[in-house]
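# Coordinate inspection notes
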Amino acid sequence: MKKFIVSPAPHVHSDRTTRSLMGDVLIALAPSLLVSIYFFGFSAVKLVAIGVIACCLVEYLIQKYVMKVKPTIDDLSAAVTGCLLALNLPPNSPWWLVLVGSIFAIGVVKMSFGGLGQNIFNPAIAGRVFLLVSFPALMTDWTIPASWFDSVNASVDGVAAATPLAVAKEAIANGTPLSEVAAYSGLTWKQMFFFKVGGSAGEVSALALILGFLYLVIRRVIKPTIPVVIIATIAIMSGIFSAINPELYTGPLFNICTGGVLLGSIFMATDYVTSPMTTKGQIIFAFGIGVITVLIRYFGAYPEGVSFAILIMNCTVPLINKYCKPRRFGEVK
Amino acid sequence: MTGTILFTIACLVALGLLFSVVLYFVAQKFKVEEDPRIGIVESIMPGANCGGCGHAGCHAFAESVVKAPSMEGFFCPVGGNATMSKVAQALGRAVEEKEPMVAVVRCHGTFDNRERTNHYDGYASCKVMAALYTGDTGCKYGCLGKGDCVDACNFDAIHIDQRRGIAEVDESKCVACGACAKACPKGVIELRPKGFKGRRVYVSCINKDKGAVTRKACAVGCIGCGKCVKECQFDAIHVENNVAYIDFTKCKMCRKCFDACPTKAIWAVNFPPRPAAPAVSPAPAPAPAVEKPAEAPKSE
Amino acid sequence: MKKTFCLGGVHPNDNKISKNAAIEVFPPIETAYISMAQHLGAPAEPVVAVGDKVKVGTVIGKPTGFISGYVHSSVSGTVKAIEPRADIAGNLVMHVVIAVEGDEWCEEIDRSRDIVRECNLTSEEILSKIQNAGVVGLGGASFPTHVKLNPPKDKKAVALILNGTECEPFITSDDRIMRERPVEILIGAEIMMKVLNVDKAYVGIEENKPEAIASMSAAAKDFKGIEVVTLKKKYPQGGEKQLIDAVIGRQVPSGKLPIDVGAVVQNVATSLSIYEAVQKNKPVIDNSVTVSGHCMDVQHNYLVRVGTPVSKILEVAGGIPKDAAKIVSGGPMMGKAIANLDAATVKANGSILILSEEETVRKPESNCIRCGKCASACPMGLEPWLLNKLARVGGRYDDLEKERIFDCIECGCCLYTCPANIPLLDLIRINKAEVMKIIRGRAAKK
């Protein structure tokens, strides 16, 4: 007689798996990747390839020889980390920088906590911060994108310069009014939206990032809560500050479109493992990221602040999860 | 420069002194008075905190023993008689020797003996499986082989052999704490006396179905035929609900039932190979089971 | 905006491939195996002896407690044996085995299909008729209906809700009866309204059954106070608490019963049984069963006599397909996998599904990625990932109770949705049972 399967209910399963979710994140990153390839050519391809291969390899080796479990790189989570890390670096970074970042991100931040789902910090953002504090010169060596859109500094290889955020920060530190800083006041909203001068490989175009965001939301990989709240918080806070003194504080659109706010809020802050489970918790988490980002930008030493903001809020996630319970059915409010 | 260093050192020393004084007074104020004998008893205990004695751990056991008027009802299965006599000595009491016990899995429904009738595809836990249905074989009573007992064991003494699909006890490691017996949803595991040189005779089946049903489900099941009952001269075996049970308090290990059992559901383990002469000769070293029926437990 | 419940839920493919298979009367069987445990609560006690002649509708089992029920013979013939037999899970249950001879019905049963609407009985008479006919909730829980229709004196029902959602994929037996016998169902509802003394009844039907909605709405025009409510398609809409929330917007608080918010929920199939019991004197001896699955050539809806072996149904439905891997009694979300195909159907057995390996085999479990999808899918607002974590530690029953594991309705949304394929519900289910035991023990002490 045929042996049938017996198992507890339910007997069917949705076709979403960790692999398909991570695959969707990679697809959502594709527009940004294409844009950065367009602007930076082979160096962008090189960065992403090294990042992905290094992350997968490190994870594979650690799982196989250190943890002695079945390697699970086919769930694509390491590939996502590698891709995000590469897109978070200056486009002209040397190859070994990505490699070091990948080893730290996977080896220290992810696997030492027990692998996927166990880490406290987002591996890609922690890897980036690690590189930022270890190799500050390399990590702030930005290239101005050479593009068909920008006629000012067009050159095929790009021109090294500081990011608009850094320029604005330095100007404020020197007491120069912002209206006299060309890199800030000369920036049009079109430039900020479609591409911008200086920045990490992946955040050149806000439009491409927003396309990725829409894809993730439509595919129900993420809920829009976290990115929307982060961006709204930053917009409102910087709006208030710049209204008080536009010469001293940068404006909302500038703050949103520069310094990895979009990349961070869409792809890094929404990382399942290191963000809260409930909508209420996610709002608190995202609000915290927004506030800390603006505070670091206005009053801190670093020109951008998203990475640190995300890392700091990552620490609070277990606590947020503990206190932000979902609404129970039948609960009297 | 020197001044700064000196100042720092002075500060730290002052703080250290201040805190030590505070700590001293707090410790005095909140001191918990405990019978010193509890500590002594606890130091004698094996410290496995397994709960096999029925207390929440070694400390709880020590507390209860010290408070109790006698040693009655207290037994540490891990430390056994040696530990208990030490405890009794420490408390100045008398203690009775207890026979050492061992966990016995009363099922040999291996993959070969017991055909699988369906395929279980859920969380690998006997408890989950038992809550769902009677199991993946024709036998409703036997070992499910998903290893709840393995998880329960603190001593690495019970394992599921993946090729055989049933739980097997490693006698040398088993301390008879009974955790596995408690964890088994089917009640397959029983604590039985270890016996002289580990020799035991037991019915390795708890199938309560009628003989024909049992025989169909499992090659080594007890069919309740009662042949062993007739063979036994000590009134140690009884058949109830179609399954025989050997009362270990009455069994004299003559092994006549073992020879009589038509399905080899009765097991006699750790006996020396039976020579022509039936006289019980002091056997050298632990010997394997007699005439292994089908296959003998690996560890024995 | 179509109504639905407020929290969680999932959208499995509804696979209503058998919706156009009209209900066929199942061919006569040779032997009926009638279980004495067809209802929640204490099993019935057999009241016939081996050799007795029985007719269709003869009482063969008597209730043994308050929550228990009558069992009737579904065939005519001779009692061959009264013995424990294995049910679909292999557990032994007392069965009355009847060798079928002809098809002779008890005289009082009105076998015509004529619709009888007028009912002049008092509430007590109706309740006793329902009880004597052995009517149980056919939505799956098999709770004795007369108990549910007789709420404690201090609680007043406000509305009756008929459950025609059939939110489980594949099953279409309720859909078929709503399309084929809408008036009878509504008369059943009218009778229940009389018993409960309410003047409002709703029939909740999910939007994926437009034909049933049309036929029920058309029939409802003649009935005062009965309204058909179209609901969004979302699982588990048919859960009692979810349905009340969806239809009348009231949430049953934790640990309370639907009657505490003034609602009584009955399945449409139960309503039909009530109609037959009260107006036609027909006890529950048959029920409609969907036999469906992608690997089957023809989909069926049968009117099956209680006590027909599952293997017989599959045989008549065209045999077990080659690529069948799992046979399920009930829906794919909450149904039970059948371990013993020789087991007989019971009253509440609404469907037999045949699933292929590809559809049903669980994928290997991987690490929890803390995506929170289980918490978003939970219709009770629980956090399955947390319950699973606590359950794996073992023994943390007080924490599990604090996290309200007892609220779990075992709908399976968490396990369905988990991208890491963690068997969340498997563990929650057994730990819930433990916690319930502890809670009951505590209540008993008080």
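What counts, and at which threshold
- Residues numbered from 1 in each chain as written.
- Chains lettered and ligands numbered in written order.
- Predicted model: local features only at pLDDT ≥ 70, side-chain atom pairs only at ≥ 80, totals over all residues.
- Heavy atoms only, no water.
- Helix = DSSP H or I, 4+ residues; strand = E, 2+ residues; numbered from the N terminus.
- Rg over C-alpha atoms; globule rule 2.2 N^0.38 Å.
- Buried < 20%, exposed > 50% of the residue type's maximum accessible area, 1.4 Å probe, protein only.
- Contact = heavy atoms within 4.5 Å.
- Areas by Shrake-Rupley, 256 points an atom, 1.4 Å probe, with all protein chains shown as cover.
- Lys, Arg positive; Asp, Glu negative; His and termini not counted.
- Charge placed at Lys NZ, Arg CZ, Asp CG, Glu CD.
- Pairing = 2+ DSSP bridges.
- Buried area = accessible area lost by both parts, 1.4 Å probe.
- Salt bridge = Lys/Arg side-chain N within 4 Å of Asp/Glu carboxyl O.
- Polar contact = N/O pair within 3.5 Å; in protein donor to acceptor, adjacent residues only side chain to side chain.
- Core = buried A, V, L, I, M, F, W, Y, C linked by side-chain atoms within 4.5 Å.
- Phe/Tyr/Trp six-rings, centres within 6.5 Å; stacked < 30°, edge-to-face > 60°.
- Lys NZ or Arg CZ within 6 Å of the ring centre and 35° of its normal.
- Axes fitted to C-alpha atoms, helices over the stretch in contact; angles between N-to-C directions.
- Domains from an automatic or database assignment.
- Disulfide = S-S within 2.5 Å.
- Left-handed = near helix turned anticlockwise from the far one by under 90°.
- Nonpolar A, V, L, I, M, F, W, Y, C, P; charged D, E, K, R; others polar.

### Some remarks on the overall build of chain B
If you tally the helices and strands in chain B, you get 10 helices and 9 strands. A compact globule built from 300 residues should have a C-alpha radius of gyration of about 19 Å, whereas chain B, at 27 Å, is more than 25% larger. Viewed in the frame of its principal axes, chain B has a C-alpha envelope of about 95 × 50 × 35 Å. Residue burial in chain B is summarised as follows: out of 300 residues, 46% are buried. Of all intrachain contacts in chain B linking residues separated by at least 6 positions in sequence, the fraction that spans at least 24 positions is 58%. Entry remark: accessible area of chain B is about 15,900 Å², with carbon and sulfur atoms responsible for 59%. Each charge class in chain B was averaged separately, 37 positive and 30 negative side chains, and the resulting centres sit 3 Å apart.

### Here's the deal with the pairing of strand β7 (residues 77-86) of chain C
All names here are of chain C. Across 2 bridges, the pairing between strand β4 (residues 53-54) and β7 is antiparallel. The residue bridging K53 from the neighbouring strand is T78, located in β7. Here β7 folds back onto strand β8 (residues 92-100), and the loop between the two strands holds 5 residues, one of which, G90, carries a positive phi near 95°.

### Things to note about the interface of chain B and chain C
One frequently used descriptor of interface size is the decrease in accessible area upon assembly of the parts. Facing 13 residues of chain B, the contacting portion of chain C comprises 15 residues. Across the chain B/chain C interface, buried area totals approximately 1,100 Å², and carbon plus sulfur atoms make up 62% of it. Of all residues in chain B, D121, Y123 and K127 of chain B bury the most surface against chain C, accounting for 46% of the area lost on that side. There are 1 salt bridge connecting chain B and chain C. In this structure, K127 of chain B engages E434 of chain C in a salt bridge whose closest nitrogen and oxygen atoms are separated by 4.0 Å. Linking chain B with chain C are 3 residue pairs in polar contact (both at pLDDT 80 or more), by the criterion used here. Sort the elements by how many residues they give to the side of chain B that touches chain C and helix α5 (residues 126-132) of chain B lands first, with 4 residues.

### Topic: the nonpolar core
Counting 69 residues, the largest nonpolar core has L216, F267, F285 and I289 of chain A as the members making the most contacts within it. Sequence-distant contacts of L216 of chain A, defined by excluding residues within four places in its chain, comprise D24, V25, A28, V221, I222, I266 and F267 of chain A. Formed by 46 residues, the second largest nonpolar core is a distinct cluster that contains A157, L160, I259 and V278 of chain C.

### Considering the pattern of salt bridges
Residues and elements named next belong to chain C. Using the criterion set out here, one finds 48 salt bridges over all chains in the structure. Here E365 ties to R392 by a salt bridge, and the two come within 3.1 Å at their closest N and O atoms. Of this pair, E365 sits in the loop between α9 (357-360) and α10 (373-377) while R392 sits in helix α11 (residues 384-393), placing them 27 residues apart in sequence. Judged by relative accessible area, E365 falls into the partly exposed class, the value being 40%. A relative accessible area of 36% places R392 in the partly exposed class. Each of R181, E184, E276, K282 and D286 takes part in a single network of salt bridges with overlapping partners.

### Some remarks on unusual backbone geometry
P10 of chain A follows A9 of chain A through a cis peptide bond whose omega is -5°. In this structure, P10 of chain A sits in the loop between β1 (4-6) and α1 (18-40). Between Y235 of chain C and the following residue, P236 of chain C, the backbone shows a cis peptide bond with an omega angle of 0°. Positionally, P236 of chain C belongs in the loop between β11 (226-231) and α6 (240-248). With phi around 65°, N242 of chain B is a residue other than glycine that occupies positive phi space. With respect to the helices and strands, the residue N242 of chain B is situated in the loop between β7 (237-240) and β8 (243-246). Its identity as a non-glycine residue notwithstanding, N421 of chain C has a phi of 55°, on the positive side. Looking at the secondary structure, you find N421 of chain C in the loop between α13 (413-417) and α14 (424-445). The exposure class assigned to N421 of chain C is buried, which follows from its relative accessible area of 11%.

### Focus on the packing of aromatic side chains
Inspection of the entire model under this criterion finds 13 aromatic pairs over all chains. When the centroid spacing of 6.2 Å and the interplanar angle of 80° are considered together, the rings of Y298 of chain A and F299 of chain A count as edge-to-face. Here the guanidinium or amino end of R117 of chain C rests over the ring plane of F223 of chain C, the centre of that ring lying 3.8 Å away. The residue whose ring lies beneath K234 of chain C is F5 of chain C, and the NZ or CZ to ring-centre distance is 4.5 Å.

### Observations regarding the sheet that holds strand β12 (residues 263-267) of chain C
Residue and element names in this part refer to chain C. Spatial strand order, β11-β10-β9-β12: 4 strands in an open sheet with parallel pairing. Edge strands, defined here as strands with exactly one partner in the open sheet, are β11 and β12. Sheet twist, expressed as the mean angle between neighbouring strand axes with direction ignored, is 25°. In this structure, strand β9 (residues 159-164) lies alongside strand β10 (residues 201-206), joined through 5 bridges in parallel fashion.

### Section: the interface of chain A and chain C
Between chain A and chain C, the residue contacts involve 37 residues of the former and 62 residues of the latter. In total, about 4,300 Å² of surface goes out of reach between chain A and chain C, with carbon and sulfur atoms giving 55% of it. When the area that chain A buries against chain C is broken down by residue, the three leading residues are H11, M277 and F329 of chain A, summing to 22%. Where chain A meets chain C, there are 3 salt bridges. We note a salt bridge from E383 of chain C to K325 of chain A, for which the minimum N-O separation is 3.0 Å. Where chain A touches chain C, the interface holds 26 residue pairs in polar contact (both at pLDDT 80 or more). Those elements giving two or more residues to the side of chain A that touches chain C turn out to be β1 and α1 of chain A. In terms of residue count, β1 of chain A provides more of the side of chain A that touches chain C than any other element does, 3 residues in total.

### A look at the domain arrangement of chain B
Residue and element names in this part refer to chain B. Split by domain assignment, chain B resolves into domain 1 (36-91) and domain 2 (101-269). For domain 1 versus domain 2, the separation of C-alpha centres amounts to 31 Å. On the domain 2 side, the residues contacting the 7 residues of domain 1 number 6 residues. For the domain 1 and domain 2 pair, buried surface summed over both sides reaches about 440 Å², with 60% attributable to carbon and sulfur atoms. The largest contributions to the domain 1 side of the interface with domain 2 come from C50, P77 and V78, which together make up 67% of the buried area.

### Observations concerning the state of the cysteines
All names here are of chain B. Enumeration according to the criterion identifies 0 disulfides over all chains in this entry. With no disulfide of its own, C107 has C143 as its nearest cysteine by sulfur position, at a separation of 5.5 Å. Given the relative accessible area of 8%, C107 is considered buried. Counting only cysteine sulfurs, C205 is the nearest neighbor of C222, a cysteine outside any disulfide, at a range of 5.6 Å. On the accessibility criterion, C222 (7% relative accessible area) is buried.

### Section: the side chain of S68 of chain C
Residues and elements named next belong to chain C. Looking at the element boundaries, S68 is found in the loop between β5 (59-62) and β6 (71-72). Judged by relative accessible area, S68 falls into the buried class, the value being 1%. When neighbours within four sequence positions are excluded, S68 is seen to be in contact with H39, L40, A42, P43, A44, P63, P144 and H146.

### Remarks on the sheet that holds β4 of chain C
Strands sit in the order β2-β8-β7-β4 (chain C) across an open sheet of 4 strands; the sheet is antiparallel. Among the strands making up the open sheet, the edge pair consists of β2 (31-35) and β4 of chain C.

### Focus: the domain arrangement of chain A
Residue and element names in this part refer to chain A. Taken as a whole, chain A is organised into domain 1 (18-138) and domain 2 (164-323). Averaged C-alpha coordinates put domain 1 and domain 2 at centres separated by 21 Å. Each side of the interface is counted separately: domain 1 has 33 residues, and domain 2 has 31 residues. Summing both sides of the interface, domain 1 and domain 2 together bury roughly 2,700 Å²; the carbon and sulfur share of this comes to 73%. Of all residues in domain 1, D24, N122 and I125 bury the most surface against domain 2, accounting for 19% of the area lost on that side.

### Looking at the packing of helix α3 (residues 77-87) of chain A against helix α5 (residues 123-134) of chain A
All names here are of chain A. Direction vectors running N to C along α3 and α5 enclose 35°, while the axes themselves pass 8 Å from each other. Relative to α5, α3 is oriented so that their crossing is right-handed. In this structure, α3 uses T81, L84 and L85 to contact α5, whose residues at the interface are P123, A124, G127 and R128. Residues that form the contact of α3 with α5 fall into these classes: 4 nonpolar, 2 polar and 1 charged.

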